[in-house]
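Tertiary structure, described
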Amino acid sequence: MPHADTLTVVHHDDTRTRFKDVRYQLHRDGIRIWSADGEHAITDVLMTHAYRHRATAS
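This section reports on the structure supplied with the text. These numbers come from a predicted model, not from an experiment.

This brings us to the overall build of the chain. From N to C terminus, the chain includes 0 helices and 5 strands. Counted from the first residue to the last, the chain has its helices and strands arranged as β-β-β-β-β. Along the three orthogonal principal directions, the C-alpha set of the chain runs to about 45 × 20 × 20 Å. Among the 58 residues that make up the chain, the fraction classed as buried is 26%. Residue pairs at least 24 apart in sequence account for 36% of intrachain contacts in the chain once pairs closer than 6 positions are excluded. Side-chain charges of the chain comprise 8 positive and 8 negative groups, with the mean position of each set lying 7 Å from the other.

Where strand 1 (residues 3-11) meets strand 2 (residues 16-27), 7 bridges bridge the pair, whose relative direction is antiparallel. Opposite leucine 7, over in strand 2, you have phenylalanine 19 as the bridge partner. Hairpin connection, strand 1 to strand 2: the antiparallel pair is bridged by 4 residues, and aspartate 14 has positive phi, about 70°. Bridge count between strand 2 and strand 3 (residues 30-35): 5 bridges; the pairing is antiparallel. Note that in strand 3 the partner of leucine 26 across the bridge is isoleucine 31. The turn linking strand 2 back onto strand 3 is made up of 2 residues.

What counts and what doesn't
- Residues numbered from 1 in each chain as written.
- Predicted model: local features only at pLDDT ≥ 70, side-chain atom pairs only at ≥ 80, totals over all residues.
- Heavy atoms only, no water.
- Helix = DSSP H or I, 4+ residues; strand = E, 2+ residues; numbered from the N terminus.
- Buried < 20%, exposed > 50% of the residue type's maximum accessible area, 1.4 Å probe, protein only.
- Contact = heavy atoms within 4.5 Å.
- Lys, Arg positive; Asp, Glu negative; His and termini not counted.
- Charge placed at Lys NZ, Arg CZ, Asp CG, Glu CD.
- Pairing = 2+ DSSP bridges.

Below you can see the structure in the form of structure tokens.
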């Protein structure tokens, strides 16, 4: 299951929902997200932006 430091869900009405430090699963009916706030199931997904910020080795 992918992990994202920041995840933005763009809905069909162009509103956005943002999450931090989540695991997520994309599926045919939308996206399921697990965060510190619990589990979220969102079905009106137009697009998602997921970012994973990795520390660089020195």
